Amino acid sequence: MGKKVLVVDDDPDVRLFSQAVLEENGYTPVMAKNGEEGEELIRKEAPDLIILDVLMPRESGIRLYRNMKTNKNFKNIPIVILSGIAEKSFLRSQKVLTEFGGDPVPDPEAYLEKPVDGEELADTIKKILG
Amino acid sequence: MATKLLLIDDETASTSLLAFSLKSDGYEVLTAASGEEGLEIFDRELPDIVITDIRMPGMDGIEVLKKIKERPHPAEVIIITGHGDIENAIDSLKYGASDFINKPVRAENLALALQRAENKLDLQAKLDAYTKDLEQEVETVTHELRMQSNFLEKLIKTSEEGIVATDRIFNVIIYNPAAEHILGYPAKEILHRKKAKDLFSQELMRKYQAKRHDYQKRKKLDHFETHLKNSDGQLVPVRFTGVFLYEEGRIMGSVAFLEDLREIKRLEKEVLMSERLATVGQTVAGMAHGVKNILHGFKGGSYLMEVGFKKNDTEKLKSGWQMIQKNIAHTSELVMDLLTYSKDRNVEYVPCEPNDIAAEVCEALTDTATEHNVRLAEEPDPAIGRVAMDKTSIHTILMNLVSNAVDACILDDIPGKSYAVTVKTLLEEKNMIRFEVVDNGTGMDKEVQDKMFTSFFSTKGHRGTGLGLLVTRKLIEDHDGTIDVFSEVGKGTTFIVKLPFEELKT
């Protein structure tokens, strides 16, 4: 059994794409279609890595990312952001949330801006999980 | 000041005696012994009255009289004549002497003559002063009048507003260059040749007439926007202000002020167009997100197909191909929306059946709706038949609204809730059709409602380009219709679109 990777994305096509990449590279994919479902599966499945979209209905990636990175049980799970949102926009949103009285959060382990090739996604995961 | 006298006589003895007696009467007296000397003194001293002997060697009294009367300085001349020299005396009167007295000069005769001369001088002085005053006054008034009329003329000529004024029987008497510019007819064809009704339509004249009593009551000018036909037969948009002029309750004429709205209308159109293009600009920047998602979809699709080919996995091939097809559709939708939005398209009224268009749209979306357990229903108004409307626009408008409604249900996704989207049509008065798209999906909060018609705002994550409602609104506005929205979070949304139609000529 390969390492478990959770994909959180509201777009079924993106999930299908990521799932295929993960399977092709020997990982075990787990799918969530929004932030709420994602948090639930993190607790239940304890994935080794999370591939996270930013803009989603029902708890965005911005919120989920923050919740994970400030929770001592989950903050060590590496997160790869895969989004159409530019990296600097995402980082700015986290900075603003920190300024409004949150704990500072580290930058994500990797940030991939769509569109992304299958190989690029696979290489990124491999680099983190070894 | 004493009256100044000049005595001219070659007989110096009688002169000095006379001078002495006049001096004692309070006159200032100058004397000369000849006509020539007399004139010299006259020019220097400008006496009021000259008393001259008629017979003198050299220049005689008549000659002196004539010369003095030629001078600008007004002086009365009394001639002293010899006894029986009546002919000369009459001559002297003809040349402007005020009086004559006979020799030997008797004190009472001279006093009387002097008295008369003085009165005459006095009267003349008064008359002069009066005439001068009058002339002065006339000049001042004329100057002011000229200034005023010049001012008014310049005011009318340079006015940016067209001014057309008529007398009481509506002959055009004022027609300024701005009016010339608006109406196209040169002033020489109009002034004193045409009547108001030759320039303004009957309808306008009626409206104008109807206002006149209003104005008397309210003392306020009414203006309205209208179109005037110019010399080329083109309709020129103007703001028209009309008023009747009264003098002591009687009509003395009328004035119409015309504000040329061509430039404003052109600018308005330009502003609208450039705003729209600016929106497209913003949208293009903001749209990057949508485009990125589409490209990612293409990459995903081709990755799946690659895997499918490599492993001979038809399932993978199929889902990869579907993904690519879906993103091709997305791309064309996006491009078409952009084109529709940025293009200045004319509304094309063609015969169509609005109920059928609604049915077509529902049919096209039924699969997607059913797939996500959304019931799609139609409630057409049977009173709506075949009418003339822009069929393509209606199709796009309904397509956008109904697919939005279905999306709102899909996004809501509360287990156990049964979702429905209803498309209603309703025949309203005044050639209007009301389209309603009702859903019980997520609904929108105030913030989303405020933003939904602005550029690139999408709540749909990967699916939205942010252009759908912009395009929808533009098509509705182009069709002279309206769009309203009622929405509540958790309860759903109702869009109400009203579009005018034209009856089909049978």
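Residues numbered from 1 in each chain as written. Chains lettered and ligands numbered in written order. Predicted model: local features only at pLDDT ≥ 70, side-chain atom pairs only at ≥ 80, totals over all residues. Heavy atoms only, no water.

Listed per partner, the contact involves 27 residues of chain A and 23 residues of chain B. Both sides together, the interface formed by chain A and chain B hides about 2,000 Å², and carbon and sulfur atoms give 58% of it. In this assembly, chain A and chain B are joined by seven residue pairs in polar contact (both at pLDDT 80 or more). Put simply, the parts of the chain that give the side of chain A that touches chain B at least two residues each are α1 (12–24) and α5 (118–129) of chain A. Among the elements that make up the side of chain A that touches chain B, the one with the highest residue count is α1(A) (nine residues). A per-class count over the side of chain A that touches chain B returns 13 nonpolar, three polar and eleven charged. (Contact = heavy atoms within 4.5 Å. Buried area = accessible area lost by both parts, 1.4 Å probe. Polar contact = N/O pair within 3.5 Å; in protein donor to acceptor, adjacent residues only side chain to side chain. Helix = DSSP H or I, 4+ residues; strand = E, 2+ residues; numbered from the N terminus. Nonpolar A, V, L, I, M, F, W, Y, C, P; charged D, E, K, R; others polar.)

Our focus in this paragraph is the side chain of A:Arg15. Residues and elements named next belong to chain A. In this structure, Arg-15 sits in helix α1. Despite its burial, Arg-15 pairs with no opposite charge; the closest candidate is Asp-9, at 5.9 Å N-O. Here Arg-15 is in contact with Val-7, Asp-9, Asp-10, Met-31, Ala-32 and Lys-33, once residues within four sequence places are set aside. (Buried < 20%, exposed > 50% of the residue type's maximum accessible area, 1.4 Å probe, protein only. Lys, Arg positive; Asp, Glu negative; His and termini not counted. Salt bridge = Lys/Arg side-chain N within 4 Å of Asp/Glu carboxyl O.)

A few words now on the sheet that holds strand β12 (residues 374–379) of chain B. Residues and elements named next belong to chain B. Taken together, the five strands give an open sheet; going across it, the order is β12-β14-β15-β17-β16, and neighbouring strands pair in mixed fashion. Here the strands that pair on one side only, and so sit at the sheet edges, are β12 and β16 (482–488). For this sheet the average axis-to-axis angle between neighbouring strands, irrespective of direction, equals 10 degrees. Helix α13 (residues 391–412) rests against β12, β14 (419–428), β15 (432–439), β16 and β17 (492–500) of the sheet, and its axis sits at about 20 degrees to β15. (Pairing = 2+ DSSP bridges. Axes fitted to C-alpha atoms, helices over the stretch in contact; angles between N-to-C directions.)

Residues and elements named next belong to chain B. Pairing in this open sheet of five strands is antiparallel, and the strands run β7-β6-β10-β9-β8 from one edge to the other. At either end of the open sheet lies a strand with only one pairing partner, and these are β7 (172–175) and β8 (223–229). Neighbouring strand axes in the sheet, compared pairwise and without regard to direction, differ in orientation by 30 degrees on average. Here seven bridges tie β8 to strand β9 (residues 235–247), and the two strands are oriented antiparallel to one another. Each residue of the ladder has a partner; that of Thr-226, found in β9, is Val-238.

The final tally for this structure, using the stated rule, is five aromatic pairs over all chains. Taken together, a centroid distance of 5.5 Å and an interplanar angle of 50 degrees make the contact between A:Phe17 and B:Tyr303 tilted. On the criterion of chain membership, the pair formed by A:Phe17 in helix α1 and B:Tyr303 in helix α10 (residues 262–311) is interchain, its members lying in two chains. Exposure remark for B:Tyr303: the relative accessible area of 9% places this residue in the buried category. Ring centres 5.3 Å apart and planes at 90 degrees place the aromatic pair B:Phe200 and B:Phe240 in the edge-to-face group. Pair noted here: B:Phe200 is in the loop between α8 (196–199) and α9 (202–218) and B:Phe240 is in strand β9, with a separation of 40 residues, a long-range link. Its relative accessible area of 5% is what places B:Phe200 among the buried residues. On the basis of relative accessible area, B:Phe240 is assigned to the buried category, the value being 0%. Of the aromatic side chains, those joined through ring pairs into one cluster are A:Tyr65, A:Phe90 and A:Tyr111. (Phe/Tyr/Trp six-rings, centres within 6.5 Å; stacked < 30°, edge-to-face > 60°.)

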